[in-house]
Amino acid sequence: MTKSELIDAIAARGQLTKARAELVVNCVFDAMTEALRAGEGIEIRGFGSFTVRPYKPYSGRNPRTGQPVPVPAKRLPFFKVGKELKEIVNDSRHLAITGGDDSDD
Amino acid sequence: MTKADIVQAVYTQLGGFSKKESADLVDLAFDMMKDTLGRGEKIKISGFGNFVLRDKRQRQGRNPQTGEPIVITQRRVLNFKASQILKAALNHRVDAATPAASASATSTPARGFGGGGSRE
């Protein structure tokens, strides 16, 4: 499922136009992004929680050339799956995993 | 931030939805995502991240408290892979990341999606 498929599904189920559904979906993820940017965690019961984890700088390596590359300190979002969703996911084990590759679009 | 805060954002920022409708729509969004993952289908939210499923084989583990060996059964797990855009948002204070701010500064009159009333 992509964001646009989520928008279509919400439009159909929520009986609103796709344009309105798109605003809703964008508003939800923008609000979540904004919270994480402010360093705030997000907790969605039954789904999971997002936290921001700080990472110290370290010296990495370019895997192709072996050259050392400094990796600066950074903050990354971390998602912890909620108990209910964890069970839902595990119960789907008998089904094939679908939805394409994991790349960003 | 909790779901109530997200509902509040939908309610105040979008307009036209009651509080109840806003809450129902936010619930619907998360329920849809849960159902999708429950069908074994991944979710890709561009600009935010991907919710990916992985099947793990059975393996030998240890109870970290007692050191006792235990069998970890095979399972399917959910991982979140943050998008580059989200990672960047957490690491540079780019105010350009909110296009609304820059867009409104240079905005030309709306190209009339039902807003034609002001021009007689």
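For the structure itself, look to the data block above.
Residues numbered from 1 in each chain as written. Chains lettered and ligands numbered in written order. Predicted model: local features only at pLDDT ≥ 70, side-chain atom pairs only at ≥ 80, totals over all residues. Heavy atoms only, no water.

1. Here's the deal with the environment of K18 of chain A
Here K18 of chain A lies in helix α2 (residues 18–37). Note: C-alpha distance between K18 of chain A and E87 of chain A (69 residues apart in sequence) is 31 Å. (Helix = DSSP H or I, 4+ residues; strand = E, 2+ residues; numbered from the N terminus.)

2. Digging into the pattern of salt bridges
Residues and elements named next belong to chain A. Under the defined criterion, the tally for this structure stands at seven salt bridges over all chains. Linking E34 and R37 is a salt bridge whose minimum nitrogen-to-oxygen distance equals 3.2 Å. Note that E34 and R37 are positioned in helix α2 at a spacing of three residues, about one turn of the helix. Overall, E34 belongs to the partly exposed group, its relative accessible area being 40%. (Salt bridge = Lys/Arg side-chain N within 4 Å of Asp/Glu carboxyl O. Buried < 20%, exposed > 50% of the residue type's maximum accessible area, 1.4 Å probe, protein only.)

3. A word on the sheet that holds strand β1 (residues 43–45) of chain B
Residues and elements named next belong to chain B. Taken in spatial order, the three strands make up an open sheet running β1-β2-β5, and their pairing is antiparallel. Because the sheet does not close on itself, it has two edges, and the strands there are β1 and β5 (75–82). Across the sheet, the axes of successive neighbouring strands diverge by a mean angle of 25°, strand direction being ignored. As paired elements, strand β2 (residues 49–56) and β5 share eight bridges and run antiparallel to each other. Paired with R54 across the strands is V77, a residue of β5. Here helix α2 (residues 19–38) sits on the sheet in contact with β1, β2 and β5, set at roughly 140° to β1. (Pairing = 2+ DSSP bridges. Axes fitted to C-alpha atoms, helices over the stretch in contact; angles between N-to-C directions. Contact = heavy atoms within 4.5 Å.)

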